Amino acid sequence: MEETTATPPLFTVQVPPIVAVNRIFAPIYMFAILALFYRHTQILLNSPNFITFFLTLILFIADLVLTFMWCTAQAFRLFQIRRQEFPENLEKVLKRSDFPAMDVFICTADPTKEPPIGVVNTALSVMAYDYPPEKLSVYVSDDGGSAVTLFAFMEAAKFASQWLPFCRENNIVERSPEAYFESNSSAISDEIKMIYESMKIRVENVMEKGQVDDEYLPSDEQRRIFKQSTPNFTRQNHPTVIQVLLENKKDRDISGNFMPNLIYVSREKRKISHHYFKAGALNVLLRVSATMTNAPILLTLDCDMYSNDPNTPKRVLCYYWNTKIQEEYAYIQFPQHFKGINKNDIYGSEFKRLFQIQPLGLDGLGGPNFVGTGCFFSRRALFGGPTSFVMPEIAELSPNHALNKDLKSSLALANHVAQCNYENGTTWGYKLGFRYGSLVEDLFTGYQLHGEGWKSIFCNPDRAAFLGDAPFNLLDMLNQQKRWTVGVLEIGLSSYSTFTYGVKHLGIIFSILYSQNHFWSSWCIPIVIYAFLPQLALLNNVSIFPKVSETTWFLLYLFLFIGAYWQDFYDFVSSKGTLKMWWNDQRIWTIRGLTCLLFGSIEFFLKSLGIPTQGFNVTSKVIDNEQSKRYQQGLFEFGIPSPMFVTLSTAALINLVSFIWGLAQLTFGGKHVEGLEIQTLIAGFGTVNSWPIYEAMVLRKDKGKMPSKVTICATLITFGLFVAFSVALYI
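Think of each chain on its own: its residues are numbered from 1, step by step along the sequence as written. For this predicted model, a pLDDT threshold of at least 70 governs which residues receive local features, and a threshold of 80 or more governs which side-chain atom pairs are given and counted, while totals over whole chains, interfaces and linings are taken from all residues. Calculation of side-chain values draws on the structure's entire complement of heavy atoms; hydrogens and water are dropped beforehand.

A.B. asks: Could you give me a rundown of helix 17 (residues 524-539), with the residues and numbers involved?
C.D. replies: Helix and strand labels come from DSSP, where a helix needs a run of H or I of at least four residues and a strand needs a run of E of at least two; each type is numbered from the N terminus. The length a helix should cover is 1.5 Å for every residue beyond the first. The end-to-end C-alpha separation of helix 17 is 23 Å, in line with the 22 Å expected for 16 residues at 1.5 Å each. At Tyr-530, helix 17 is deflected by roughly 30°, the largest bend along its length, and proline Pro-534 occurs up to four residues later in sequence. Counting buried positions along helix 17 gives 14 out of 16 residues, so the element sits mostly inside the fold. Directly after helix 17, the chain includes Asn-541, whose backbone phi takes a positive value near 55°. The angle between axes fitted to the seven-residue stretch ending at a residue and the seven-residue stretch beginning at it gives the bend at that residue. With a 1.4 Å probe rolled over the protein chains alone, any residue whose accessible area is under 20% of its type maximum counts as buried; one over 50% counts as exposed, and the rest are partly exposed.

Below is the structure:
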């Protein structure tokens, strides 16, 4: 599929020129890798002593993992394609009355970590899409069953009657109210801002009180809705709550136009039932929406990922205007972009490789993986493969089921399919809907859909389609990615491994691409080894790399290092990154390897042995003002003690001490220290990367500095590792 067959064109597909360069560079670099392993093998076979054999074997393992990960990353570079859509041509092909209906799924779970006013902004931004409102339905899943969240959306429904016509009449682009009022546009209306601020104050007052008082509920109907919030009604134990807040065949805005459907859903929760976190909530929305609107196209959206472009649905229709494309392509994935990231993105929060670079290579074969948000699905794709439809247990849930009744008349069935035990004895989560079995249910779902024969599309317009919040706290970020680490290992080391299921159902090359994600945690092996082993050997004047006088081998190591980093640098800056952002990104890559990837791998194996571990946690979207200020200044946030900070600080100290020792030896040690040059360079590289850690240990006095107990513990471990390594050398 090179381009659309419509006239005028709706999209084009092109191969970037860099692909040809990558295909030339790849075999050259692979030849260098083979030469490296030849050297390792020669040393292993001719080791003069056990220490040399052992150190070389450890480096061999590290380089083997690096080679595997390089190969998986290289696959992304060899099959890249770039798409461009022309939504301005859509209405020349389709009449607005022919636009398909769309259901939007927004999930929230905890009002204390995901403030309801933020979720409201996300919902309003998609309700205001430049799309026929009678074809649009927004479903909000509240897994916390919070009365505050429900109240917030009742207020949002009232505000929408003013906001939607305002956006339409003034051609507003930022259709999240909060984003619009922060845009400093000269066209900001004081009147609409006052209405919004009044709504926001009411929601925040209710949030502060933790309950909805009668003073905020003017009608008996509204008071009846909140009476079910009894003391027995808790986050983990409550009945199904479904409220139709707006109905597009009845509710009109102030200009007289119908508004989109807005439906609040809180699935039934019981302490003894399985909840399957986000995937379970999405499957409830999939069933509830089937009984009420059953739109052929679905959008999944995180509660903090608001629409940044009102024309996004039209970009989707540039592909899905043709039902044949819907029958072949399961979903259209937009990349995640984030607002509020500091100038140089110190935490690598943009995740350019995962969200922007890798999908280009995936798109050239079978399509990008599903990343959980900003994804438009064909409803049919969630009911079996393209040629193997799986019929749900009742006909009303089928994507082919026609609806001829209003929303409220469907409430009885909608409540039934949202019950916590409804899935018992069915194939929901396994053959139907979003898939269970991993903490990263989004990756798992996309992977299985590809395995069933579906393709997908990566859509990356110049203006970000969605903008969301990234963690401003280092520990929040690491804990989030530790959870991802456990999730990907749950897939990679299961019966769905890319080496078994993947090769059989996706083919070898596509499986290699997916392996980059499934075995993401394996980065911790070479990172930990190269963060400690060369440095400890350097402190004992033990050479484990070629000498400068061994010109060929010395240059080989330099080529391997510079070649890999240069290629990564090009990928990054070609995706609108900067030099400083890339430097911070590669720094955070090493930090992940020493923290969340390492601890996530340990947690996975403990979990596999039946040892209890930490469960799923929602990342907080609440931002502390002081933390935010430090983040914008480019300061790392340590503050709270964590075992992950201990390994990180230990590595930083060992690199600093060994770098100083290496410089001294190379300067004053004479010829007997020849061969320590590469180890000194590695220690120096680690030292430069560790500057934020030294700063937090010694120079800073704010609340985000490194906790003293972490510094003391890391210092003792550093000394202990040096003594243990030294003793091992002379035993």
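A.B. asks: How would you sum up the environment of Lys-405? Please name residues and give values.
C.D. replies: Here Lys-405 shows up in the loop between strand 13 (388-389) and helix 12 (411-417). Among the residues examined, Lys-405 registers a relative accessible area of 43% and is labelled partly exposed. Residues Lys-405 and Ser-628, 223 residues apart in the sequence, show an inter-C-alpha distance of 49 Å.

A.B. asks: Tell me about unusual backbone geometry, residues and numbers included.
C.D. replies: Across residues other than glycine, the phi torsion is negative in most instances, and most of the peptide bonds are trans. The phi dihedral of Asn-541 is positive, around 55°, even though this residue is not glycine. Along the chain, Asn-541 falls in the loop between helix 17 and helix 18 (551-573). Accessibility expressed as a relative area gives 33% for Asn-541, which makes it partly exposed. Even without being a glycine, Lys-576 presents a positive backbone phi close to 70°.

A.B. asks: Quick rundown of the sheet that holds strand 10 (residues 338-339)? Include the residues and the values.
C.D. replies: Reading across the sheet, the three strands line up as 8-15-10 and stay open at both edges, with mixed pairing between neighbours. Each of the sheet's edge strands pairs with one partner strand only, and the pair in question is strand 8 (306-307) and strand 10. The pairing of strand 10 with strand 15 (residues 466-469) spans two bridges and is classified as parallel. Within the sheet, the bridge partner assigned to Phe-338 lies in strand 15 and is Gly-468. Any two strands are treated as partners once DSSP identifies two or more bridges connecting them.

A.B. asks: For the packing of helix 22 (residues 643-668) against helix 25 (residues 708-730), give the residues involved together with the corresponding values.
C.D. replies: Under this scheme, a helix contributes an axis fitted over its contacting stretch, all axes are lines through C-alpha atoms, and angles between N-to-C directions fall in the 0 to 180 degree range. Packing of helix 22 against helix 25 leaves a shortest axis separation of 8 Å and a crossing angle of 55°. When the axis of helix 22 is compared with that of helix 25, the two are oblique. Considering only the axes of helix 22 and helix 25, their crossing is right-handed. Within the contact between the two elements, helix 22 uses Phe-645, Val-646, Ser-649, Thr-650, Leu-653 and Ile-654 and helix 25 uses Val-710, Cys-713, Ala-714, Thr-715, Ile-717, Thr-718 and Leu-721. All residues other than Ala, Val, Leu, Ile, Met, Phe, Trp, Tyr, Cys, Pro, Asp, Glu, Lys and Arg, Gly among them, are scored as polar; the first ten of these are nonpolar and the last four charged. Grouping the constituent residues of the contact of helix 22 with helix 25 by class yields nine nonpolar, four polar and no charged. Here the angle decides the label: under 35 degrees means roughly parallel, over 145 means roughly antiparallel, 65 to 115 means roughly perpendicular, and every other value means oblique. Note on convention: the crossing is left-handed when the near helix lies turned anticlockwise from the far helix by less than a right angle, right-handed when the turn is clockwise. Any pair of residues with heavy atoms lying within 4.5 Å of one another is described as a contacting pair.

A.B. asks: Pulling in residues and values, what's your account of the packing of aromatic side chains?
C.D. replies: Each Phe, Tyr or Trp ring, with Trp reduced to its six-membered ring, pairs with another whose centre is within 6.5 Å; inter-plane angles below 30 degrees give stacked pairs, above 60 give edge-to-face pairs, and intermediate values give tilted ones. One pass over the structure, following the stated rule, counts 57 aromatic pairs. An aromatic cluster is defined as three or more aromatic residues linked by ring pairs; in this entry it consists of Phe-561, Tyr-565, Trp-566, Phe-569, Trp-582, Trp-583 and Phe-685. It is Arg-23 that lies over the ring of Phe-79; its NZ or CZ is 5.7 Å from the centre. Whether a charge lies above a ring is judged from NZ of Lys or CZ of Arg, which has to be within 6 Å of the ring centre and within 35 degrees of the ring normal. Its guanidinium or amino end placed over the ring of Trp-428, Arg-287 lies 4.9 Å from that ring's centre, counting from NZ or CZ.

A.B. asks: I'd like to hear about the pattern of salt bridges, residue by residue, with values.
C.D. replies: The working definition used for a salt bridge is a side-chain nitrogen of Lys or Arg within 4 Å of a carboxyl oxygen of Asp or Glu. Enumeration over the complete set of coordinates arrives at 29 salt bridges. With its nearest N and O atoms 3.2 Å apart, the salt bridge here joins Lys-314 to Asp-130. Linking Lys-314 in helix 9 (residues 312-320) with Asp-130 in the loop between helix 3 (116-127) and strand 4 (136-142), this pair joins segments that are 184 residues apart in sequence. Asp-568 is the salt-bridge partner of Arg-353, the closest N and O atoms lying 2.6 Å from each other. Taken together, the residues span a long stretch of sequence, with Arg-353 in helix 11 (residues 352-363) and Asp-568 in helix 18 at a distance of 215 residues. On the basis of relative accessibility, which here comes to 16%, the residue Asp-568 falls in the buried class.

A.B. asks: Describe the nonpolar core, naming the residues involved and giving the relevant values.
C.D. replies: What makes a nonpolar core is a set of buried Ala, Val, Leu, Ile, Met, Phe, Trp, Tyr and Cys residues whose side-chain atoms join them at distances within 4.5 Å. Ranked by internal contacts, the top residues of the largest apolar core, which has 198 residues, are Trp-163 and Val-288. When residues in this core are grouped by element, the largest group, 14 residues, is from helix 4 (residues 147-170). Setting aside chain neighbours within four positions, we find Val-288 in contact with Tyr-139, Ile-242, Val-265, Ala-414, Val-417 and Ala-418.

A.B. asks: Outline the state of the cysteines, listing residues and values.
C.D. replies: Here, the term disulfide refers to a pair of cysteine sulfur atoms separated by no more than 2.5 Å. One pass over the structure, following the stated rule, counts zero disulfides. Its sulfur unpaired, Cys-318 is 7.9 Å from the next cysteine sulfur, which belongs to Cys-459. Looking at Cys-318, the relative accessible area reads 0%, which means it is buried.

A.B. asks: Describe a nonpolar patch on the surface, naming the residues involved and giving the relevant values.
C.D. replies: A surface patch of nonpolar side chains, about 710 Å² in accessible area, is lined by Leu-555, Leu-558, Phe-561, Ile-562, Trp-566, Tyr-570 and Leu-681. For the nonpolar patch, the element with the most residues is helix 18, which contributes six residues. Along the polypeptide, Leu-681 turns up in helix 23 (residues 677-689). Patch membership needs two things, relative accessible area over 30% and no salt bridge, and members are linked within 9 Å if like-charged or within 5 Å if nonpolar (Val, Leu, Ile, Met, Phe, Trp, Tyr). With residues, only the protein chains shown are counted as cover, and all accessible areas are computed by Shrake-Rupley using a 1.4 Å probe.

A.B. asks: Residues and numbers for the environment of Trp-428, please.
C.D. replies: Note on placement: Trp-428 falls in the loop between helix 12 and helix 13 (441-451). Taking the C-alpha atoms as reference points, Trp-428 and Gly-280, separated by 148 residues in sequence, lie 9.0 Å from one another. Setting aside residues up to four positions removed in sequence, Trp-428 forms contacts with Asn-283, Leu-286, Arg-287, Phe-383, Glu-393, Leu-397, Tyr-422, Glu-423, Gly-433 and Tyr-436. Here a polar contact is recorded for every N or O atom pair within 3.5 Å, except that within protein the pair must consist of a potential hydrogen donor and a potential acceptor, and residues adjacent in sequence are included only if both atoms are side-chain atoms. Polar side-chain contacts of Trp-428 include one of 2.9 Å to the side chain of Glu-393.

A.B. asks: Explain the sheet that holds strand 6 (residues 261-266) to me, using residue names and the numbers behind them.
C.D. replies: Read across the sheet, eight strands follow the order 5-6-4-3-7-11-9-14 without closing on themselves; strand pairing throughout is mixed. Each edge of the open sheet is held by one strand with a lone partner, namely strand 5 (241-246) and strand 14 (455-458). Strand after strand, the sheet turns through a mean of 20° between neighbouring axes, direction not considered. With six bridges connecting them, strand 3 (residues 102-108) and strand 7 (residues 297-302) associate as parallel partners. Paired with Phe-105 across the bridge in strand 7 is Thr-300. Across the face of the sheet, helix 9 comes into contact with strand 3, strand 7, strand 9 (329-333), strand 11 (375-378) and strand 14 while running at roughly 150° to strand 9.

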